[in-house]
Amino acid sequence: MNDDRGSASLEFITAGLVLLVPLVYLVIALAQIQGGSLAVTGAARQAARVFVLADSPADAHERVEAAVRVSLADFGVAADDAHVTVTCSAGAGAECLSRGEVVTVTVNATVPLPLVPDVLDVQSAASVPVQARAVQKVSRFWGAP
């Protein structure tokens, strides 16, 4: 007679590890992607807000860069990899900071997957792009004395 005492616990531990480790990794990866998504959403919203409240176009772009950098840093997303685009309803080359103008700020970033080593440039392939867009309207009282 074959003695199988103790093998059930070993099978349970083995099967549990085989199923549990990928599940835990999936939860961690999804949490990191969701955090990146929240980061770019907050960055786009804050960048649009500070843009329409600026006094000059140069000041507006400086404020946008600072707002995006701070918002992304709050969630641990590298601001160096983010790409910010500011467009206006009047079209390219038009003055964005004029009364009633609609400003759209788009923030693109990549969120690296956790526990992926930066060997042979695998990190760039193992990242998820996230994008957010926010729209704000310049106040009709902008620039009024």
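The sections below set out a description of the structure shown in this document. Values in this document were obtained by computation on a predicted structure and should not be read as measured data. (Residues numbered from 1 in each chain as written. Predicted model: local features only at pLDDT ≥ 70, side-chain atom pairs only at ≥ 80, totals over all residues. Heavy atoms only, no water.)

Some details on the overall build of the protein
Looking only at helices and strands, one finds 3 helices and 3 strands in the protein. When the helices and strands of the protein are read in sequence order from the N terminus, they spell out α-α-β-β-α-β. A compact globule built from 145 residues would reach a C-alpha radius of gyration of about 15 Å, whereas the protein, at 24 Å, exceeds it by more than 25%. Judged by the C-alpha coordinates and their principal axes, the protein covers about 95 × 30 × 25 Å. The contacts in the protein between residues at least 6 apart in sequence include a share of 63% that link residues at least 24 apart. If you sum the accessible surface of the protein, you get close to 9,500 Å²; carbon and sulfur atoms cover 61% of it. For the protein, the centre of its 9 positive side-chain charges and the centre of its 14 negative side-chain charges are spaced 16 Å apart. (Helix = DSSP H or I, 4+ residues; strand = E, 2+ residues; numbered from the N terminus. Rg over C-alpha atoms; globule rule 2.2 N^0.38 Å. Contact = heavy atoms within 4.5 Å. Areas by Shrake-Rupley, 256 points an atom, 1.4 Å probe, with all protein chains shown as cover. Lys, Arg positive; Asp, Glu negative; His and termini not counted. Charge placed at Lys NZ, Arg CZ, Asp CG, Glu CD.)

Some points on helix 2 (residues 57–74)
An ideal rise of 1.5 Å per residue puts 26 Å on 18 residues; helix 2 measures up with 26 Å between its terminal C-alpha atoms. Turning to helix 2, its buried residues number three or more, namely Ala-60, Val-64, Ala-67, Val-68, Ser-71 and Leu-72. Summarising the axial view, the buried residues of helix 2 lie within an arc of 115 degrees, below the 170-degree limit, and thus occupy one face. The outward face of helix 2, more than 90 degrees from its buried face, is lined by the exposed residues Ala-58, Glu-62, Glu-65 and Ala-73. Where helix 2 is buried, its residues touch helix 1 (7–52), strand 1 (83–88) and strand 2 (102–112). Looking one or two places after helix 2, you find Gly-76, whose phi comes out positive at around 80 degrees. (Expected span 1.5 Å × (residues − 1). Buried < 20%, exposed > 50% of the residue type's maximum accessible area, 1.4 Å probe, protein only. Arc of directions from axis to C-beta.)

With respect to helix 1
If you check helix 1, its first and last C-alpha atoms are 68 Å apart, about what 46 residues at 1.5 Å a residue would give, namely 68 Å. Taken as a whole, helix 1 has its buried residues at Ala-29, Gly-35, Gly-36, Ala-39, Val-40, Ala-43, Ala-44, Ala-47, Ala-48, Phe-51 and Val-52. Looking at the buried residues of helix 1, the elements they touch are helix 2, strand 1, strand 2 and strand 3 (127–137).

Comments concerning the nonpolar core
Formed by 27 residues in total, the largest nonpolar core has its most connected members in Val-40, Phe-51, Val-68, Leu-72 and Val-107. Contributing elements (two or more residues each) for this core: helix 1, helix 2, strand 2 and strand 3. Looking at this core, the element that brings in the most residues is helix 1, giving 8 residues. Setting aside anything within four residues of it in sequence, one finds Leu-72 in contact with Ala-39, Val-40, Ala-43, Val-77, Ala-78, Ala-79 and Ala-82. (Core = buried A, V, L, I, M, F, W, Y, C linked by side-chain atoms within 4.5 Å.)

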